[in-house]
Amino acid sequence: MPEKLTRRGYLSMNWDSTVGFLSNFLAPQLEMERNYIRPPGSVEELQFLTSCSRCGDCKSACPEMVIELFAIQDGVKITGTPYLDFSNAACTFCNKCMEVCPTDALNRASLQEQLRIGTAEIDTSLCLGYQDVLCDYCVRACPIDGAINLIVGKPMIDTETCTGCGVCRLNCISEDRAIQIKP
């Protein structure tokens, strides 16, 4: 005879299935709407949002000062969580953010799975190379061989090789910085 299900067991089972359903439904949606880049070693977005303690230790530990924290006006679900701001700095993958993370929202195992944090994209309307000006600052600055190549005087990003570190963006001499880093 099957064991009788208690009210607590029934509620627990329903709660588990509801959380599972919502995470399967919400996780892809969160990844699709994300237009920011998390620090190296971040876990999947839903897991990140639920495990990040919003302590700010990663921002304090970052020697490049590329990590910023979202403010309340950015949205309640991401308030206080870290993202990379490539306006004035690039990520060197020093891993200091992972070392100080108390919750494993940032961890080396996730970094090994990803091997990249984003991808550089060139805005051809702003890039000097696409305006027939000889410029190779981004190519020379890139720390990854073959991630940016000049083809007929125009820089091209190899999306398989690019790690999204932002060094090319930082070294772009175009007035409005022709390179953006995308998730």
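See above for the structure.
Reading guide: rules and limits
Residues numbered from 1 in each chain as written. Predicted model: local features only at pLDDT ≥ 70, side-chain atom pairs only at ≥ 80, totals over all residues. Heavy atoms only, no water. Core = buried A, V, L, I, M, F, W, Y, C linked by side-chain atoms within 4.5 Å. Buried < 20%, exposed > 50% of the residue type's maximum accessible area, 1.4 Å probe, protein only. Helix = DSSP H or I, 4+ residues; strand = E, 2+ residues; numbered from the N terminus. Contact = heavy atoms within 4.5 Å. Disulfide = S-S within 2.5 Å. Phe/Tyr/Trp six-rings, centres within 6.5 Å; stacked < 30°, edge-to-face > 60°. Lys NZ or Arg CZ within 6 Å of the ring centre and 35° of its normal.

A.B. asks: Give me the lowdown on the nonpolar core, citing residues and values where you can.
C.D. replies: By size, the foremost hydrophobic cluster in this structure holds 33 residues, and its most contacted members are Val 66 and Leu 84. Mapped by element, the contributors of at least two residues to this core are helix H4 (96-100), strand S3 (119-122) and strand S6 (179-182). Those residues within four positions of Val 66 in sequence are excluded, and the remaining contacts are Tyr 83, Leu 84, Asp 85, Phe 86, Ala 89, Ala 90 and Cys 91. Core analysis: the next-biggest nonpolar cluster, separate from the first, contains five residues, Tyr 36, Phe 70, Ile 78 and Tyr 83 among them.

A.B. asks: Outline the environment of Ile 117, supporting the account with residue identities and numerical values.
C.D. replies: Among the structural elements, Ile 117 can be located in the loop between helix H5 (108-114) and S3. Note: C-alpha distance between Ile 117 and Pro 40 (77 residues apart in sequence) is 6.1 Å.

A.B. asks: Could you give me a rundown of the state of the cysteines, with the residues and numbers involved?
C.D. replies: Overall, the coordinates contain zero disulfides when judged by the stated rule. Its sulfur unpaired, Cys 91 is 6.5 Å from the next cysteine sulfur, which belongs to Cys 97. Overall, the relative accessible area of 8% leaves Cys 91 in the buried class. Sulfur of Cys 94: no disulfide; nearest cysteine sulfur belongs to Cys 62 and is 5.9 Å away. Given a relative accessible area of 32%, Cys 94 falls into the partly exposed group.

A.B. asks: Give me the lowdown on the environment of Thr 163, citing residues and values where you can.
C.D. replies: Examined against the element boundaries, Thr 163 turns out to sit in the loop between strand S5 (154-157) and helix H7 (167-171). Once the C-alpha coordinates of Thr 163 and Gly 118 are considered, the two residues, 45 residues apart in sequence, prove to be 6.0 Å apart. With sequence-adjacent residues up to four places away left out, Thr 163 is seen in contact with Phe 93, Leu 115, Arg 116, Ile 117, Gly 118 and Ile 144.

A.B. asks: So what's going on with the packing of aromatic side chains? Residues and values would help.
C.D. replies: Scanning the model with the defined rule gives two aromatic pairs in all. Taken together, a centroid distance of 4.9 Å and an interplanar angle of 70 degrees make the contact between Tyr 36 and Phe 70 edge-to-face. Of the two residues, Tyr 36 sits in the loop between helix H1 (7-33) and helix H2 (45-51) while Phe 70 sits in the loop between strand S1 (67-69) and strand S2 (82-84), which places them 34 residues apart along the sequence. Judged on exposure class, the residue Tyr 36 and its partner Phe 70 are both buried. Taking 4.2 Å as the distance between ring centres and 25 degrees as the angle between the ring planes, the aromatic pair formed by Phe 70 and Tyr 83 counts as stacked. Of this pair, Phe 70 sits in the loop between S1 and S2 while Tyr 83 sits in strand S2, placing them 13 residues apart in sequence. Side by side, Phe 70 and Tyr 83 carry an identical accessibility label, which is buried. We note Arg 140 situated over the ring of Tyr 137; from NZ or CZ to the ring centre the distance is 4.9 Å.

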